[in-house]
Amino acid sequence: HRFALSRLAARLVDVWLFGLLIGILLTAIRVNDSTLESWTLLGVFVLYPFVEGLLTSRFMTTPGKSLMNVRLMLKSTSANSSDYRRRALAAHFRGFAGGFPLISLLAAWFGWRSFINSGRTTWDDNSPVYAMPMGAGFLRWLGFVLILVAGFGLRLVSLHSARH
């Protein structure tokens, strides 16, 4: 069960880091503060699967996967960049519902149940690439918690500064 949670934690870290990067870029080009959050969410929703596909095809990992010790493995001798992109799109929309609140929790739960029952997720079944959690020890989980706390802290700071 902890291996399935490692995969979810890795995805949360990746999406959060990408959202932070999008937010910083949008702030740098002076996007209106009242629409910054909406544009950031839209950027994550639309662009993240392509960025994940690019990272995994080039490096066989993402920052979150690396942190949580989740490795990508090949079922066959090779996979091309479109295989990684298709897998990233399937994971983003089937396994995380694109990040839409509540729906994403339901999608993550179905993905978790599939992994618990068969050791695979539906997006792993249809791809020559699959994710294999190798076990995240205490320090990796501590890193995840620190990133999570930092994310909530940044959110509180941004809410506070928006009011003043």
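Note that this is a predicted model, so its numbers are computed, not measured. (Residues numbered from 1 in each chain as written. Predicted model: local features only at pLDDT ≥ 70, side-chain atom pairs only at ≥ 80, totals over all residues. Heavy atoms only, no water.)

Participant: Summarise the overall build of the protein chain; cite the residues concerned and give the values.
Facilitator: Across its full length, the protein chain holds seven helices and two strands. Going from N to C terminus, the protein chain has its helices and strands arranged as α-α-α-β-α-α-α-β-α. Against the globule reference of 15 Å for 164 residues, the protein chain gives a C-alpha radius of gyration of 16 Å, in line with a compact fold. Once the C-alpha set of the protein chain is aligned to its principal axes, its extents read approximately 55 × 35 × 30 Å. Residues counted as buried form 37% of the 164 residues belonging to the protein chain. Put simply, of all contacts in the protein chain between residues at least 6 apart along the chain, 77% involve residues at least 24 apart. (Helix = DSSP H or I, 4+ residues; strand = E, 2+ residues; numbered from the N terminus. Rg over C-alpha atoms; globule rule 2.2 N^0.38 Å. Buried < 20%, exposed > 50% of the residue type's maximum accessible area, 1.4 Å probe, protein only. Contact = heavy atoms within 4.5 Å.)

Participant: Explain the pairing of strand β2 (residues 129-133) to me, and be specific about the residues and the numbers.
Facilitator: When a strand is regular, its side chains alternate between the sheet's two faces. Of the two faces of β2, only the one carrying Val129, Ala131 and Pro133 is buried; Tyr130 and Met132 on the other face are not. When strand β1 (residues 70-74) meets β2, the two strands line up antiparallel, connected through five bridges. The residue of β2 that forms the bridge with Val70 is Pro133. (Pairing = 2+ DSSP bridges.)

Participant: Mind laying out the environment of Trp16, listing which residues take part and the relevant values?
Facilitator: In this structure, Trp16 sits in helix α1 (residues 2-28). The partly exposed category is assigned to Trp16, whose relative accessible area is 28%. For the pair Trp16 and Leu146, spaced 130 residues apart in sequence, the C-alpha to C-alpha distance is 13 Å.

Participant: Residue-level account of the packing of aromatic side chains, with values.
Facilitator: Evaluated as defined, the whole model comprises four aromatic pairs. With 5.7 Å between their ring centres and 55° between their planes, Phe18 and Tyr48 make a pair best called tilted. Separated by 30 residues along the polypeptide, Phe18 in helix α1 and Tyr48 in helix α2 (residues 33-59) bring together distant segments of the chain. Under the relative-accessibility criterion, Phe18 is labelled buried at 9%. Using a relative accessible area of 3% as the deciding quantity, one classes Tyr48 as buried. Residues Phe45 and Phe93 carry aromatic rings whose centres are separated by 5.2 Å and whose planes lie at 85° to one another, so their mutual orientation is edge-to-face. Of the two residues, Phe45 is situated in helix α2 and Phe93 in helix α4 (residues 81-94); the sequence distance between them amounts to 48 residues. (Phe/Tyr/Trp six-rings, centres within 6.5 Å; stacked < 30°, edge-to-face > 60°.)

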